[in-house]
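An overview of the molecular structure
So you can see what is in the structure, the chains are spelled out below.
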Amino acid sequence: MSIRILISNDDGINSEGLYALYEALKDLGEVFVVAPDRDQSASSHALTLHRPLRIEEISKNIYSVDGTPTDCINLAVNGLLKDRKPNLVVSGINKGENLGDDITYSGTVSAAMEGTLLGIPSIAVSLSGKDNFHFETASYYAVILARYVLEKSLPLGTLLNVNVPNLLKEKVKGVKVTRQGKRLYGEPIVENIDPRGRKYYWIGGNELGFLDIENSDITALKQGYVSVTPIKLDLTDYDFLNKLKLDLKNLENA
Ligand code: MN
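The present account deals with the structure reproduced in this document. (Residues numbered from 1 in each chain as written. Predicted model: local features only at pLDDT ≥ 70, side-chain atom pairs only at ≥ 80, totals over all residues. Heavy atoms only, no water.)

1. Things to note about the pairing of strand S2 (residues 30-36)
Within S2, 6 of the 7 residues are buried, which leaves it mostly tucked inside the rest of the structure. With 4 bridges connecting them, strand S1 (residues 4-8) and S2 associate as parallel partners. Bridge pairing in S2 links Ile7 to Val33. (Buried < 20%, exposed > 50% of the residue type's maximum accessible area, 1.4 Å probe, protein only. Helix = DSSP H or I, 4+ residues; strand = E, 2+ residues; numbered from the N terminus. Pairing = 2+ DSSP bridges.)

2. Observations regarding the pairing of S1
Extensive coverage of S1 is indicated by the burial of 5 of its 5 residues. Burial along S1 is two-sided: the face carrying Arg4, Leu6 and Ser8 and the face carrying Ile5 and Ile7 are both buried. Following the chain from S1 across helix H1 (residues 16-25) to the adjacent parallel S2, one finds a crossover that is right-handed. Looking at chain direction, S1 and strand S5 (residues 88-95) are connected through 4 bridges and run parallel. Within S5, the residue paired with Leu6 across the bridge is Val89. (Right-handed = clockwise from strand over helix to strand, strands pointing away.)

3. Description of the pattern of salt bridges
Applying the stated criterion across every chain, the model contains 9 salt bridges. A salt bridge links Asp247 to Lys243, with the shortest nitrogen-to-oxygen separation between them at 2.7 Å. With Asp247 and Lys243 both in helix H6 (residues 238-253), this residue pair falls 4 residues apart, about one helical turn. (Salt bridge = Lys/Arg side-chain N within 4 Å of Asp/Glu carboxyl O.)

Shown next, in the form of structure tokens:
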């Protein structure tokens, strides 16, 4: 049976990153694109429950949805492709990196999370930078990792978060398997007055910093490597679990 690949993103159906990914993966199997009809960056893992959703067929195997990246994967797997589950979900190529704690806000990573929750091996691919994107570099690595996952699969409940430096392919130093990095907090919110004299606030006005942790996603990317982080959807802190058990037992007996 032929390989089915489902693609989505959070930058929307018109993003060049989505089409670069489509072009790159179309030789690996039958590719379906189901993506939000507009930019849904930082929509995290939101699922639309309070209104109906519409799917528009743009062309053969390419669909837009007036919802979030999570809606797209959910509708694709449980609706459009319900006769046979995709073998792989790839989300991206996002314009901008998804590193460290920021992945909890990311629509790109959340589309891969939804694929993972539905039991499909999933990859999120992001390209660093703000403009002049080298999609060909990210596409090259997306194909390598898609091939790997199609052949070897992934543990249940684990996805790959891939970040590619915005460099010419020849300038990339290689691939590093990394851990999730850590963001620096405390950046100010921008507070200003609107034309009607009311206060408004703007989140994320400043460039955010990260801690330089060895072998973290951010450090690898800064050094010119492609960062590949295995991300688990089980958020349980197993180290703390046993201490908490003891602590709460003692509280009960006190
Ligand atoms: Mn985005």
